[in-house]
Amino acid sequence: MLDLVAKKIFLTKGKGVHADRLTSFEYALRDAGIAGTNLVLISSIFPPGCKVIPKAEGLKLIRPGSVTFAIYSRQESNEPHRLMAASVGIAEPKDKTKYGYLSEYVSFGETEKEAGDYAEDIAAQMLASSLGISFDVNKSWDVKRQQWKISGQIYKTRNITQSAVGDAKGQWTTVFTAAVLIL
């Protein structure tokens, strides 16, 4: 039986601008360094024992044409000057034998920091609920983060976010982020 549990994961992001919508997406993938792969979108589980590695190291481990599993988010617009963001959030459990969560989030009108914090928040909330950590969803991000830290069960949260302002001439602008799994 194939072992399809990822051992490593790396984060990447990119932006593309072009008159054609699909080409704008292709340029964003090129900017992210993964255009030569066949991306397969998967759901949002951070595998037990998985290690986050630097992008440069991860890019060396994929080959052109390979089927590449990723959790990714993509936002696009041809509306001039429209602020957009795409983000992937990660929440890792302290116990490395347990799985964590990743989240995909896209928005219009939010800064890179706002979108990134929200994506991280979503992943942390999913992990907290799976671990039985109680929290008040109506509390601020900082208060919730403190609750998770106090529990001692969430090791780390982080995000990768790409934002952009839509092209002034109305060309398609695409923002893209991904957590790429290495089997």
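This text goes with the structure placed above it.
First things first, this report covers the structure right here in the doc. Worth saying up front: this structure is predicted, and the values here are computed from it rather than measured.

### Regarding the sheet that holds strand β1 (residues 8-18)
Now for step 1: On the basis of which strands lie adjacent, the open sheet formed by five strands has the order β2-β5-β9-β1-β4 and mixed pairing. Taken across any chain shown, the strands that pair with only one partner, and hence form the sheet edges, are β2 (38-41) and β4 (51-53). Going across the sheet, the axis of each strand differs from the next one's by a mean of 40°, ignoring polarity.
Now for step 2: Bridge count between strand β5 (residues 67-77) and strand β9 (residues 172-182): eight bridges; the pairing is antiparallel. Of the residues in β9, the one forming a bridge with Tyr 72 is Ala 178.
Now for step 3: Taken strand by strand, helix α1 (residues 21-32) contacts β1, β2, β5 and β9, and its axis lies near 140° from that of β1.

### Here we look at the pattern of salt bridges
Now for step 1: Tallied over the entire structure, the rule returns eight salt bridges.
Now for step 2: Its salt-bridge partner being Arg 30, residue Glu 26 comes within 2.9 Å of it at the nearest N-O pair. Placement of both Glu 26 and Arg 30 in helix α1 is noted, with a separation of four residues, approximately one turn of the helix.
Now for step 3: A salt bridge links Arg 74 to Glu 76; its shortest N-O distance comes to 3.3 Å.
Now for step 4: Ionic contacts of the salt-bridge type, sharing partners, join the residues Arg 21, Arg 74 and Glu 76 into one network.

The rules behind these values
- Residues numbered from 1 in each chain as written.
- Predicted model: local features only at pLDDT ≥ 70, side-chain atom pairs only at ≥ 80, totals over all residues.
- Heavy atoms only, no water.
- Pairing = 2+ DSSP bridges.
- Helix = DSSP H or I, 4+ residues; strand = E, 2+ residues; numbered from the N terminus.
- Axes fitted to C-alpha atoms, helices over the stretch in contact; angles between N-to-C directions.
- Contact = heavy atoms within 4.5 Å.
- Salt bridge = Lys/Arg side-chain N within 4 Å of Asp/Glu carboxyl O.

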